[in-house]
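Residue strings, one per chain:
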Amino acid sequence: MPTPRILIIAGSDSGGGAGIQADIKTVTMLGGHAMTAVTAITAQNTLGVQAVMPVPADMVVAQIRSCIDDIGVDAIKIGMLGTAETARAVADTLVAVGVPIVFDPVMIATSGSILADVDTIAAFERLMRIAAVVTPNVPELAVLTGSEVSSEGEARAAGRTLAANLKVPVLAKGGHLAPDRTGQVSLPEESRTTDLLADNLVLPDGSDIVWTYSRIDTPHTHGTGCTLASAIATGLGAGLDLPAAVGRAIGFVRASLERAPGLGHGHGPMGQQFVTEFRTFDGR
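Read on for an overview of the structure. (Residues numbered from 1 in each chain as written. Predicted model: local features only at pLDDT ≥ 70, side-chain atom pairs only at ≥ 80, totals over all residues. Heavy atoms only, no water.)

## Here's the deal with the overall build of the chain
Line of reasoning, step 1. Within the chain, the secondary structure is distributed over nine helices and 10 strands.
Line of reasoning, step 2. Relative to its full complement of 284 residues, the chain shows a buried share of 54%.
Line of reasoning, step 3. Looking at the chain alone, contacts between residues at least 24 apart form 69% of all its contacts between residues at least 6 apart.
Line of reasoning, step 4. Summing over all exposed atoms, the chain offers an accessible surface of approximately 11600 Å²; the carbon and sulfur share of this is 55%. (Helix = DSSP H or I, 4+ residues; strand = E, 2+ residues; numbered from the N terminus. Buried < 20%, exposed > 50% of the residue type's maximum accessible area, 1.4 Å probe, protein only. Contact = heavy atoms within 4.5 Å. Areas by Shrake-Rupley, 256 points an atom, 1.4 Å probe, with all protein chains shown as cover.)

What follows is the structure, given as structure tokens:
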């Protein structure tokens, strides 16, 4: 199978935990070729975001065109966009590209730092409407639907509302829900119970596919959303259908969380570089 060519449109994380750094590690470990269009430069570590400098929109578009016009692209992952102008310019550029787009509507970093203002969030709609799937977490679902989302049921309902409005599949991610708002699952082999989480892939017709699993107890969760979206994009670029791409991506994220190297003094990076079992093709 030819190497999937994955274009990543996102911000740079100087600490290497999230953003294009997490995306490149993910795409590479899943057998793809990662290309980048950097939308913003951040001074960022495991404790938070100290500074952000957006890249001018015309330079973001130039990076996109440089990759597409020569190497080509099989799927696109969009993360942090930086400004409303960049969001609009990216939408203008991608509307006719004709490959699967995975849009992770990044608004807030794992540390709680704000990464998208009100105007930028308003500009997300055109990109969401041309996506193959949108992957909001709980806080992002609440903003995008204007509803309270504090339980798994509310997350599913908000995902259905967003999918119906956009006519696009929505992966409503449950990892941000408070432990007391989720179910519990017994782990007999460890003689304990833990939170039961759910990710709901909601289709525009209201049907959904649900993945449930136990919460992994670790502070090293920086870049989970970036990693998931890039893993989905790599699967779609390799020809997997959406449920298969999502299922493999969830497995890759969980394995990366379990193998986090324990770096930094806050929300540390994941261990994508140690996960080899999900690579199902060699690019030849």
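From this point on, the discussion continues.
## A word on the packing of aromatic side chains
Aromatic ring pairs are defined here through the distance separating the ring centres and the angle between the ring planes.
Line of reasoning, step 1. Considering all chains together, one arrives at two aromatic pairs under this definition.
Line of reasoning, step 2. Measuring from centroid to centroid gives 5.2 Å for Phe103 and Phe124, while their planes differ by 85°, and the two rings are edge-to-face. With Phe103 in strand E5 (residues 101-103) and Phe124 in helix H5 (residues 124-129), this pair connects stretches of sequence that are 21 residues apart.
Line of reasoning, step 3. Overall, Phe124 belongs to the buried group, its relative accessible area being 0%.
Line of reasoning, step 4. With 6.3 Å between their ring centres and 80° between their planes, Phe252 and Phe278 make a pair best called edge-to-face. Pair noted here: Phe252 is in helix H9 (residues 242-258) and Phe278 is in the segment after H9, with a separation of 26 residues, a long-range link. (Phe/Tyr/Trp six-rings, centres within 6.5 Å; stacked < 30°, edge-to-face > 60°.)

## Looking at the packing of helix H2 (residues 57-70) against helix H3 (residues 84-94)
Line of reasoning, step 1. H3 packs onto H2 with a crossing angle of 30° between their chain directions and a minimal axis gap of 9 Å. With respect to their mutual orientation, H2 and H3 come out roughly parallel. Our pair here, H2 against H3, has a crossing hand that is right-handed. Each of Ala57, Val60, Val61, Ile64 and Arg65 in H2 lies in contact with H3, whose residues at this interface are Glu85, Thr86, Ala89, Val90, Thr93 and Leu94. (Axes fitted to C-alpha atoms, helices over the stretch in contact; angles between N-to-C directions. Parallel < 35°, antiparallel > 145°, perpendicular 65-115°, else oblique. Left-handed = near helix turned anticlockwise from the far one by under 90°.)

## Brief notes about the side chain of Glu140
Line of reasoning, step 1. Relative to the elements of secondary structure, Glu140 occurs in helix H6 (residues 138-145).
Line of reasoning, step 2. Comment: no salt bridge for buried Glu140; closest opposite-charge side chain is Lys173, at 4.9 Å.
Line of reasoning, step 3. Sequence-distant contacts of Glu140, defined by excluding residues within four places in its chain, comprise Asp104, Pro105, Val106, Met107, Ile108 and Thr135. (Lys, Arg positive; Asp, Glu negative; His and termini not counted. Salt bridge = Lys/Arg side-chain N within 4 Å of Asp/Glu carboxyl O.)

## Some words on helix H8 (residues 224-237)
Line of reasoning, step 1. Under the 1.5 Å per step criterion, the end-to-end length of H8 is 20 Å for 14 residues, consistent within 8% with the ideal 20 Å.
Line of reasoning, step 2. Among the 14 residues of H8, 13 are classified as buried, and the element is accordingly described as predominantly covered.
Line of reasoning, step 3. Downstream of H8 by a residue or two, Gly239 has a phi angle that is positive, lying close to 100°. (Expected span 1.5 Å × (residues − 1).)

## Observations regarding H2
Line of reasoning, step 1. Taking 1.5 Å of rise per residue, 14 residues should cover 20 Å, and H2 covers 20 Å from first to last C-alpha, within 8% of that figure.
Line of reasoning, step 2. Buried within H2 we find Ala57, Val60, Gln63, Ile64, Cys67 and Ile68. Angularly, the buried residues of H2 cover 125° about the axis, an arc narrow enough to put them on a single face. For H2, the exposed residues lying more than 90 degrees away from the buried face are Asp58, Ser66, Asp69 and Asp70. (Arc of directions from axis to C-beta.)

## Here's the deal with the pairing of strand E2 (residues 33-45)
Line of reasoning, step 1. Looking at chain direction, strand E1 (residues 5-13) and E2 are connected through eight bridges and run parallel. Across the sheet, Ala10 pairs through a bridge with Val38, a residue of E2.
Line of reasoning, step 2. One crossover worth recording links E1 to the parallel E2 by way of helix H1 (residues 19-29), and it is right-handed.
Line of reasoning, step 3. Count of turn residues in the E2/strand E3 (residues 48-54) antiparallel hairpin: two residues. (Pairing = 2+ DSSP bridges. Right-handed = clockwise from strand over helix to strand, strands pointing away.)

## Some points on the nonpolar core
Line of reasoning, step 1. Core analysis: the biggest nonpolar cluster contains 77 residues, and Ile9, Ile78 and Ile232 have the highest contact counts within it.
Line of reasoning, step 2. No other element matches the nine residues that H9 contributes to this core.
Line of reasoning, step 3. The residues touching Ile78, leaving out its near neighbours within four places in the chain, are Ile9, Val90, Leu94, Ile101, Val102, Phe103, Asp104 and Leu127.
Line of reasoning, step 4. Membership of the second largest hydrophobic core comes to five residues, among which are Ala40, Val49, Met80 and Val106. (Core = buried A, V, L, I, M, F, W, Y, C linked by side-chain atoms within 4.5 Å.)

## Things to note about the side chain of Thr46
Line of reasoning, step 1. Relative to the helices and strands, Thr46 is located in the loop between E2 and E3.
Line of reasoning, step 2. Looking at Thr46, the relative accessible area reads 13%, which means it is buried.
Line of reasoning, step 3. At 3.0 Å, the side chain of Thr46 and the backbone nitrogen of Gly266 are in polar contact. (Polar contact = N/O pair within 3.5 Å; in protein donor to acceptor, adjacent residues only side chain to side chain.)

## A few points about the pairing of strand E4 (residues 75-78)
Within a regular strand, side chains alternate between the sheet's two faces.
Line of reasoning, step 1. The side-chain alternation of E4 yields two buried faces, one formed by Ala75 and Lys77 and the other by Ile76 and Ile78.
Line of reasoning, step 2. By the bridge criterion, four bridges tie E1 to E4 in an arrangement that is parallel. In the strand pairing of E4, Leu7 is matched with Ile76.
Line of reasoning, step 3. Where E4 lies against E5, three bridges are found, and the strand directions are parallel. For Lys77, the partnering residue across the bridge sits in E5 and is Val102.
Line of reasoning, step 4. Handedness of the crossover joining E4 and E5 through H3: right-handed.

Purely spatial values, then, with no claim about function.
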